[in-house]
Amino acid sequence: MGTRGVEGAYQGALRAFQNPMLDLLHRTYAPFVVTVLAMMFTPERPTVAVADAHAEIADALDQLRSAGYGDEGDQPLPAGNARDLCRQWVQAGWLVRQVSDDVEVYRLSAHGVGALEVAGRVGGARTRVSESRVRTLLEAVERLAQDADPDVMARMARLQTEIDQRRRELDRLERGGAVETVDDDQLLEAAENVLHLARELPADFARVAESIKAMQRDVVADLRQDVRPTGEVLREYLERGRQIMDATPEGRAFAGALRLIGDPARIDDLSNLLRTVLRHGFTHQMAEPQRRELAEIARRIEQGVKEVLTAQRQASHVITTQVRNHDPMRDRQVDELLRDVMAGFHTWVPGARRGTVVDPLRRLPVADVGQLRQTMNDLRPPQPPTPLREWDEVEDVPSADTRAWGGPQYAEIREHLAAFAGDAADGVDVAAAFRAAAERLRRPVDLLGLLEIAHDLGMSDTAEMVTVDAVRPDLTRRRFAFGGVVTANPSAGHAEDESQGNDDE
C-alpha cells in the first residue's frame with residue numbers, strides 16, 4: 001500500500017465527513033437528533049411551524065429525561081432549550097428555516113433527509129442480495145447498453161427477440177395456459193427492493209430544490225454587487241432566471257426525470273399499481289410501517305415534484321423582481337452616504353461630552369440649482385416665437401362665401417317652411433317644401449336640416465318614395481331619394497302657443 005495512496009484516500013474521507021449528513025450521524029447526540037427529526041417530519045408533515053417544533057422538542061427532552069436517559073455517559077442528551085437546539089441544527093445545515101404563508105416554519109434540508117434515510121436503513125431491515133435487486137441491476141445495465149448503442153441493426157434484433165418472446169407468451173395464454181405464480185417470499189423481497197429505491201427519492205428531491213435556491217442566492221448576490229446599471233444586466237439575469245432548471249447538474253437530472261414522473265396520468269397509474277400490490281396476501285407479512293410507506297410512494301413522488309417546481313417558480317420570481325427593482329448605482333450612493341455619516345460620527349464623538357446640547361438636523365440640505373436645461377441638442381438660448389403679423393384693414397378680404405360650404409341654415413329653412421305652409425292645417429309635404437326653396441337653401445346639408453326641423457315639429461311617413469334635387473355651392477346637382485314625410489305646420493304650432501298664453505292671462 002503506497003503512502004501517497006493512503007494520504008489521498010484519507011483526505012477524501014476527511015472531505016466526506018465535512019458533509020453535514022455524515023456530521024450529523026457521528027455527533028454525540030446523533031440518536032436524539034435522528035429520533036426527534038424523524039418524529040417531527042413525516043411525508044404528511046413536510047414542514048413544522050417554529051413554535052410547534054420548539055414545543056415538541058422540549059416535550060421530547062422532558063419525556064426522555066423523566067425516563068432516566070441523559071444521566072449516564074452512554075445515553076447522553078443535549079443541554080440547552082429547544083430554541084437553542086433548533087438554531088444549532090439550522091447552522092449545521094440539517095434544518096432550513098423559511099417563511100411559508102406568512103408563518104415561519106422548519107423543514108428538513110437535503111442533508112437531514114439523507115441522514116434520516118441512512119439511519120433508517122441501518123436500523124431497519126437488513127439489506128439483502130435478492131433476485132429482485134439483481135434483476136433491477138441487470139435491467140438497468142441492459143437499458144444503459146441499449147441507449148448507448150447506436151447500431152440500428154442490433155436495436156432491431158433486440159426488439160424482434162422481445163416481440164417473439166411476448167408473442168409466444170400470448171399464444172400460450174390464449175391456448176388456456178396458466179399464469180405463472182410467484183412465491184410470497186419473492187414478492188416480499190421485490191416489495192422491499194421497491195421501498196429501498198423509493199427511500200432515495202426524498203433526499204434527491206430536496207437536493208434539487210436546495211441547488212435551485214443556492215443558485216438563486218448566488219444570482220441575487222452577484223446582482224447586488226454589480227455596479228452596472230440595471231438595464232445592462234436585465235437580459236442576462238432574466239435569462240438565467242428562466243433557465244434556472246438547466247443551470248445546475250441536479251436541475252438537469254430532475255428535468256430528465258420529470259419527463260417520466262411529471263405526467264399526472266403516470267402518477268395515477270402508479271397509485272393504481274400500488275393498490276393492486278397491497279391487495280395481495282403477501283403484504284400481510286410486512287410490518288405496518290412498511291405497508292404504509294409502500295402505499296405512500298406515489299404521493300411522496302408527487303410532493304417532491306411539487307417542492308422542486310415551487311422552488312423553481314420562487315427563484316424565477318425573486319430574480320426577476322430583484323432585476324426589475326434593484327438599482328446598484330443608487331445602492332452604492334446610499335452606502336457612500338452612510339459611510340460619510342459614520343465618518344462624521346467618528347470625528348464628532350471623541351470630542352463630545354455628556355449632556356452637550358446637539359442641534360438636530362431637521363432636514364437634509366438641498367442644492368439650489370434653479371431651472372436645469374431639459375434638452376442639450378441646441379446650445380443656443382431659446383428664442384421667442386415669431387410675433388403675429390398686424391392685421392391691415394385695407395387688405396383685400398377673400399370674396400368667396402365660405403359659409404356656403406358650412407352646415408344647415410336652420411333659421412332661413414324654418415322661415416321658408418312657415419311661409420310655404422301658410423294656413424294649411426293638414427300638414428306640409430317636406431319634399432315639396434324643399435323643391436320650392438330658393439337655390440341657396442337647396443344644398444344637401446339643408447335637406448338634412450329640413451328633415452331635422454320636421455322631426456322636431458312632429459312628422460309622419462307616407463307610403464310613397466320621393467326624390468329631390470339638391471344644388472351644391474359649386475352648382476353641381478345631386479339627386480336624393482327618401483320615404484315621403486309630412487310635418488306639422490310650424491305657423492299653426494306658434495299660433496296655438498300664443499292662444500294658450502292669452503287664455504292663461
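Everything numeric in this text was worked out from a predicted model, so none of it was measured.

1. Description of the overall build of the chain
And then number 1: Along the backbone of the chain there are 20 helices and six strands.
And then number 2: Out of the 505 residues in the chain, the part that is buried amounts to 26%.
And then number 3: Of the roughly 35500 Å² that the chain leaves accessible, carbon and sulfur atoms contribute 54%.

2. Focus on a nonpolar patch on the surface
And then number 1: A cluster of nonpolar side chains, namely L337, V341, M342, F345, W348, V349 and V358, defines an oily patch on the protein surface of about 660 Å² accessible area.
And then number 2: Tracing the sequence through the fold places V349 in the loop between α16 (328–348) and α17 (410–421).

3. Focus: empty space enclosed by the protein
And then number 1: In this structure the tally under the stated criterion is two cavities of 30 Å³ or more.
And then number 2: Together, I413, H416, A433, F434, A437, L441, D446 and L450 line the largest cavity.
And then number 3: Here the residues of the lining of the largest cavity are counted per class, giving six nonpolar, one polar and one charged.
And then number 4: Counted as a void, the second largest cavity has a volume near 40 Å³.
And then number 5: For the second largest cavity, the full set of lining residues is A198, L201, E293, I297, R300 and I301.
And then number 6: The element contributing the most residues to the lining of the second largest cavity is helix α15 (residues 297–325), with three residues.
And then number 7: Class assignment of the residues belonging to the lining of the second largest cavity gives a composition of four nonpolar, no polar and two charged.

4. Some remarks on the nonpolar core
And then number 1: Among the nonpolar cores identified, the biggest contains 24 residues, and F32, L37, F41, I57 and W89 are the most heavily contacted of them.
And then number 2: Elements supplying a minimum of two residues to this core: α3 (30–40), α4 (50–66), α5 (82–92), β3 (103–108) and α6 (110–123).
And then number 3: Here this core gets six residues from one element, more than from any other, and that element is α3.
And then number 4: Ignoring sequence-local partners within four residues, the contact set of I57 consists of F32, V36, M40, A82, L85, C86 and W89.

5. Quick notes on the sheet that holds strand β2 (residues 95–100)
And then number 1: A sheet is described by the order of its strands in space; here three strands give the open sequence β1-β3-β2, paired in antiparallel fashion. Each having just a single partner strand, β1 (47–49) and β2 make up the two edges of the open sheet. In this sheet, adjacent strand axes meet at a mean angle of 35 degrees when their direction is disregarded.
And then number 2: By the bridge criterion, three bridges tie β1 to β3 in an arrangement that is antiparallel. Across the sheet, the residue bridging to T47 is R107, located in β3.

6. What about the confidence of the model for the chain?
And then number 1: Model confidence for the chain is summarised by a mean pLDDT of 76, while 70% of its residues fall at 70 or above.
And then number 2: Here residues 497–505 is a poorly scored stretch, pLDDT under 50, and it has zero contacts once near neighbours within four places are set aside; other chains count.

7. Observations concerning the pattern of salt bridges
And then number 1: All told, the structure shown has eight salt bridges when counted by the stated rule.
And then number 2: One salt bridge in this structure joins E288 and R292, with 4.0 Å as the shortest N-O distance. Pair noted here: E288 and R292 are both in helix α14 (residues 288–295), with a separation of four residues, about one helical turn.
And then number 3: A single network of salt bridges, built from pairs that share partners, joins E288, R291 and R292.

8. Details of helix α9 (residues 184–199)
And then number 1: With 16 residues, α9 should cover 22 Å at 1.5 Å per step; its first-to-last C-alpha distance of 22 Å lies within 8% of that length.
And then number 2: Burial in α9 covers these residues: L188, E189, A191, N193, L195, H196 and A198.

9. Here we look at a negative patch on the surface
And then number 1: Together, D263, D268, D269 and E302 make up a negatively charged patch on the protein surface.
And then number 2: One can find E302 in helix α15.
And then number 3: Look at E302 and you get partly exposed, because its relative accessible area is 49%.

10. Quick word on unusual backbone geometry
And then number 1: Positioned with a positive phi, L475 is a non-glycine residue whose angle comes to about 70 degrees.
And then number 2: As for its position among the elements, L475 is in the loop between β5 (459–471) and β6 (477–487).
And then number 3: Relative accessible area serves as the criterion here: at 59%, L475 is assigned to the exposed category.

11. Remarks on the packing of helix α13 (residues 264–278) against α14
Helix packing for two helices is described by the angle between their axes and how far apart those axes are.
And then number 1: Packing of α13 against α14 brings their axes to within 9 Å, and their N-to-C directions diverge by 155 degrees. Here α14 runs roughly antiparallel to α13, going by the angle between their axes. From α13, L274, V277 and L278 reach across to α14, where they touch R291, L294 and A295.
And then number 2: By residue class, the composition of the contact of α13 with α14 is five nonpolar, no polar and one charged.

12. With respect to α17
And then number 1: Taking 1.5 Å per residue, twelve residues should reach 16 Å; α17 reaches 16 Å between its end C-alpha atoms and fits that length.
And then number 2: Buried residues of α17: I413, H416, L417 and A421, and no others. All buried residues of α17 fall inside an arc of 125 degrees around its axis, so they share one side. Counted as exposed and oriented over 90 degrees from the buried face of α17: E415 and A419.
And then number 3: In the segment just after α17, G422 is the residue with positive phi, at about 65 degrees.

13. So, the environment of Q63
And then number 1: As for its position among the elements, Q63 is in helix α4.
And then number 2: Of the polar contacts made by the side chain of Q63, one reaches the side chain of D59; its length is 2.7 Å.

14. Looking at the sheet that holds β6
Through backbone hydrogen bonds, the strands of a sheet pair up, either in parallel or in antiparallel fashion.
And then number 1: Spatially, three strands are ordered β4-β6-β5 in an open sheet, and the strand pairing comes out antiparallel. Each edge of the sheet is formed by a strand with only one pairing partner; in this case those strands are β4 (428–429) and β5.
And then number 2: The pairing of β5 with β6 spans ten bridges and is classified as antiparallel. Residue A470 lies in a different strand from β6, and its bridge partner there is R478.

Procedures and definitions
Residues numbered from 1 in each chain as written. Predicted model: local features only at pLDDT ≥ 70, side-chain atom pairs only at ≥ 80, totals over all residues. Heavy atoms only, no water. Helix = DSSP H or I, 4+ residues; strand = E, 2+ residues; numbered from the N terminus. Buried < 20%, exposed > 50% of the residue type's maximum accessible area, 1.4 Å probe, protein only. Areas by Shrake-Rupley, 256 points an atom, 1.4 Å probe, with all protein chains shown as cover. Patch = residues over 30% accessible without salt bridge, like charges linked within 9 Å, V, L, I, M, F, W, Y side chains within 5 Å. Salt bridge = Lys/Arg side-chain N within 4 Å of Asp/Glu carboxyl O. 1 Å grid on protein atoms, 1.4 Å probe; cavity = no way out; pocket = protein on both sides within 12 Å on 5 of 7 lines; lining within 4 Å. Points joined across faces, edges and corners; volume = space filled by probe spheres on them. Nonpolar A, V, L, I, M, F, W, Y, C, P; charged D, E, K, R; others polar. Core = buried A, V, L, I, M, F, W, Y, C linked by side-chain atoms within 4.5 Å. Contact = heavy atoms within 4.5 Å. Pairing = 2+ DSSP bridges. Axes fitted to C-alpha atoms, helices over the stretch in contact; angles between N-to-C directions. pLDDT = per-residue confidence, 0-100. Expected span 1.5 Å × (residues − 1). Lys, Arg positive; Asp, Glu negative; His and termini not counted. Charge placed at Lys NZ, Arg CZ, Asp CG, Glu CD. Parallel < 35°, antiparallel > 145°, perpendicular 65-115°, else oblique. Arc of directions from axis to C-beta. Polar contact = N/O pair within 3.5 Å; in protein donor to acceptor, adjacent residues only side chain to side chain.

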